[in-house]
Amino acid sequence: METKYVFVTGGVASSLGKGIIAASLAKLLQARGFRVTIQKFDPYINIDPGTLNPYEHGECYVTEDGAETDLDLGHYERFLGIHTSKANNVTTGKIYNTVITKEREGAYLGRTVQIVPHITDEIKRRMLLLGQTGEYDIVITEVGGTVGDMESQPFVESIRQLQWELPEDSICTIHLTLVPYLAAAGELKTKPTQHSVQMLQQSGVHPDIIVCRSEKELNADLRMKMARFCNVKAGNVIESIDAKSIYQVPLNMKEEGLDKKVLSSLGINWSPEPDLSALKAFLDRLSHPETSIDIALVGKYVELQDAYKSILESFVHAGAANKCKVNVHYIHSEHLDAANVEEKLGKMRGILVAPGFGERGLEGKVEAIKYARTHAVPFFGICLGMQMAVVEFARNVLNLKGAASTEVNPDTPYPVISMMEDQKKTTLKGGTMRLGAYDCKLEEGSLAYRIYDKETIRERHRHRYEFNEEYLSKMEAAGLKASGRNPQTGLVEVIELPEHPFFIATQFHPEYKSTPESPAPLFVSFVEAALKCQK
Ligand code: GLN
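Model, not experiment: these values are computed from the prediction.

**Re the packing of aromatic side chains**
Then comes step 1: Counted by the stated rule, this structure contains 12 aromatic pairs.
Then comes step 2: When the ring of Y247 is compared with that of F282, the centres are 5.3 Å apart and the planes differ by 85 degrees; the resulting orientation is edge-to-face. Pair noted here: Y247 is in the loop between β11 (237-241) and α9 (249-256) and F282 is in helix α11 (residues 277-287), with a separation of 35 residues, a long-range link.
Then comes step 3: With a relative accessible area of 2%, Y247 lands in the buried category.
Then comes step 4: Its relative accessible area of 0% is what places F282 among the buried residues.
Then comes step 5: Seen from their ring centres, F315 and F523 are 5.1 Å apart, and the 85 degrees between their planes marks the pair as edge-to-face. Taken together, the positions of F315 in helix α12 (residues 309-321) and F523 in helix α18 (residues 521-534) put the pair 208 residues apart, joining distant regions of the chain. Of the two residues examined, F315 and F523, each falls in the buried class.
Then comes step 6: Every member of this aromatic cluster is reached through a ring pair, and the members are F315, F380, F502, F523 and F526.
Then comes step 7: Here K216 stacks its cationic end above the ring of Y181, 4.5 Å away from the centre of that ring.
Then comes step 8: Stacked on the ring of Y438, the Lys or Arg R434 has its end atom at 4.3 Å from the ring centre.

See below:
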């Protein structure tokens, strides 16, 4: 079948969950047997979100092939169980970079380079790129931002052009809006949706389907009203009511017939009913926990939920696998010290120390790790969390006063974490870390080996600093074990304390590969250990 394209735009407000709607639609189409992928086009000028603070757009998600991407790609992978790639996240920065490089090479000699057609041509080329691989029946493109933003205009204009350039029945556009409930009036309000669709139509894009986020049900009259004012078929106004879990949204969308409506607007009138049994089984476990557990997430971006998105989702998956509700308590590492650590962590049955960069909140992380180590509380450290576990062990077990990572203290007398050799030559900041998936060989008999139940695993990375091998023999003599290494370089990727009930830390990020149907083994075992500790 000829590849079909679905575009998802948003209006009225940001944070309506376009990514979840796109991923839910993709899930339904995939469950019907279509080969589907999703890509995200972000209007900002950064080449990728790798250089952004998580406070800006939330977590930076890392793909198997080492792209630093928008966190929505995490949702795509979790919903679909597929790997996305560099090609699945495009930014205005990437588009301009390509066009300007071509201009310097002389590709447009003699001509003025303009937004239309040069920028829009490059946007369209990338919008169609994944479809041209022949690997997908349907490519869904989510356009970041809200319609009407100055920055989104070239993307909307590109969709307009594609509406005419692509063969008939091969493009469908969905517009996601908010239908707010005004408590004082006791009413749902459709006007913002009408305005948003009008704005889209002024740009020449005519949505086939409108999905309305709302807290309350949309009755038939309201749907009819929106259909009439927005020029869409009455049946194509879809309600997306707030759901208890994001993983419920595909089922809600199926209930509303979103997948059928998209297929019909793409000229596909028959396909098998979607098989959602695995998702339903997961939701059943999720909504019937037999117990609950308190776990501390120690980090410095705790004010923003999205900053640790993949970790939070991994706990949802691991909780369901253990039939347990995981209550994640954010502990601000900047406000954690020896005097208050007992008060803040005393009730926790597991402590996770999060990834991160820079000096802020670092000493609080070390304090949390010391507490976990000395109080036999299950501990799991990720990336910076592992690096700080090494620092803590060096300082408090080996008595190496002032041991540190050279990231924050280049003059430390004991650089137990130091910059990777190939990083020393790099001066550029964007996309230059050790990124993406690498093999890791686990030592037989270790905790890591028991958790994964295999010798070679493949997990994703995002870091510049590493365990300094010079200190390994001393540390091993004192009871720390390096249980996972990169088979090519020998880089230490996993450390653990065999004498402790559960103390493990990884240089890689297992959270990026956790899905509801295939939860990350380290999270599942960490929650299991925390449950045992509770008993
Ligand atoms: N800042 C550390 C490094 O660059 C850890 C990075 C992380 O936690 N992702 O190595």
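**Remarks on the nonpolar core**
Then comes step 1: Among the nonpolar cores identified, the biggest contains 44 residues, and V6, I140, I174, L258 and V262 are the most heavily contacted of them.
Then comes step 2: The element that contributes the greatest number of residues to this core is helix α1 (residues 18-31), accounting for 9 residues.
Then comes step 3: Formed by 42 residues, the second largest nonpolar core is a distinct cluster that contains Y371, F393, A403 and I417.

**Brief notes about the state of the cysteines**
Then comes step 1: In total, this model carries 0 disulfides according to the counting rule given.
Then comes step 2: No disulfide involves C60; its sulfur sits 12 Å from the nearest other cysteine sulfur, which is in C383.

**A closer look at the side chain of S158**
Then comes step 1: Within the fold, S158 resides in helix α6 (residues 153-165).
Then comes step 2: By relative accessible area, which is 0% here, S158 ends up buried.
Then comes step 3: Every residue in contact with S158, bar those within four places of it in the chain, is listed here: T120, I123, K124 and M127.

**Thoughts on the site of the ligand**
Then comes step 1: Every residue lining the ligand is accounted for by P355, G356, F357, C383, L384, Q387, E407, R462, H463, R464, Y465 and H509.
Then comes step 2: Residue G356 places a main-chain N or O atom 2.9 Å away from an oxygen atom belonging to the ligand.
Then comes step 3: Contacts to the ligand include R464, whose backbone N or O atom sits 3.0 Å from an oxygen atom.
Then comes step 4: Taking 300 Å² as the accessible area of the ligand by itself, protein coverage stands at 99%.
Then comes step 5: For the shell around the ligand, the secondary structure elements donating two or more residues are α15 (384-396) and β19 (456-463).
Then comes step 6: The class makeup of the residues in the shell around the ligand is 5 nonpolar, 4 polar and 3 charged.

Cut-offs used in this document
Residues numbered from 1 in each chain as written. Predicted model: local features only at pLDDT ≥ 70, side-chain atom pairs only at ≥ 80, totals over all residues. Heavy atoms only, no water. Phe/Tyr/Trp six-rings, centres within 6.5 Å; stacked < 30°, edge-to-face > 60°. Helix = DSSP H or I, 4+ residues; strand = E, 2+ residues; numbered from the N terminus. Buried < 20%, exposed > 50% of the residue type's maximum accessible area, 1.4 Å probe, protein only. Lys NZ or Arg CZ within 6 Å of the ring centre and 35° of its normal. Core = buried A, V, L, I, M, F, W, Y, C linked by side-chain atoms within 4.5 Å. Disulfide = S-S within 2.5 Å. Contact = heavy atoms within 4.5 Å. Near = heavy atom within 4 Å. Polar contact = N/O pair within 3.5 Å; in protein donor to acceptor, adjacent residues only side chain to side chain. Areas by Shrake-Rupley, 256 points an atom, 1.4 Å probe, with all protein chains shown as cover. Nonpolar A, V, L, I, M, F, W, Y, C, P; charged D, E, K, R; others polar.

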